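# Architecture at a glance
Residues per chain, in single letters:
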Amino acid sequence: MTAFSSDAAAALGGPDWLRARRATALDRFAGTPLPSPEQELWRYSRVAELELDRYAPVPEAPADGALPADVEAVLAAVGSR
């Protein structure tokens, strides 16, 4: 899990809103412990059934810094905005 570092996130660049979200995500990741053997519910996740082709990187934000419409829709759906 060494790929998740503040240096790696900063090297990705991008608009300020995306850099801020990455920093917040890194803080949440660092503050979340990995599952222990006593918490084995995670072992039953059907990872092989994930349709990874359905996911794609977020497109670049417009020059004015606004979030792309599809990102706004997802954030609205999950109540993050």
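### Quick word on the overall build of the chain
- Looking only at helices and strands, the chain has 3 helices and 0 strands in total.
- Counting from the amino terminus, the chain carries its helices and strands in the arrangement α-α-α.
- Each of the 81 residues in the chain was classed as buried or not, and the buried ones make up 12%.
- When the accessible area of the chain is evaluated, it comes to approximately 7200 Å², of which 58% is carbon and sulfur surface.

### Focus: a nonpolar patch on the surface
- On the surface, Val-47, Leu-50, Leu-52 and Tyr-55 cluster together into a nonpolar patch covering about 470 Å² of accessible area.
- On the secondary structure map, Leu-52 appears in the loop between α2 (16-30) and α3 (69-78).

### Digging into the confidence of the model for the chain
- Taken residue by residue, the chain gives an average pLDDT of 77. The fraction at 70 or more is 83%.
- By mean pLDDT, the top-scoring element of the chain is α2 (87), and the lowest-scoring one is helix α1 (residues 6-11) (79).

### Notes on the environment of Leu-26
- With respect to the element layout, Leu-26 can be found in helix α2.
- The exposure class of Leu-26 is buried, given its relative accessible area of 18%.
- Separated by 17 residues in the primary sequence, Leu-26 and Ala-9 have C-alpha atoms spaced 8.3 Å apart.

Analysis parameters
- Residues numbered from 1 in each chain as written.
- Predicted model: local features only at pLDDT ≥ 70, side-chain atom pairs only at ≥ 80, totals over all residues.
- Heavy atoms only, no water.
- Helix = DSSP H or I, 4+ residues; strand = E, 2+ residues; numbered from the N terminus.
- Buried < 20%, exposed > 50% of the residue type's maximum accessible area, 1.4 Å probe, protein only.
- Areas by Shrake-Rupley, 256 points an atom, 1.4 Å probe, with all protein chains shown as cover.
- Patch = residues over 30% accessible without salt bridge, like charges linked within 9 Å, V, L, I, M, F, W, Y side chains within 5 Å.
- Salt bridge = Lys/Arg side-chain N within 4 Å of Asp/Glu carboxyl O.
- pLDDT = per-residue confidence, 0-100.

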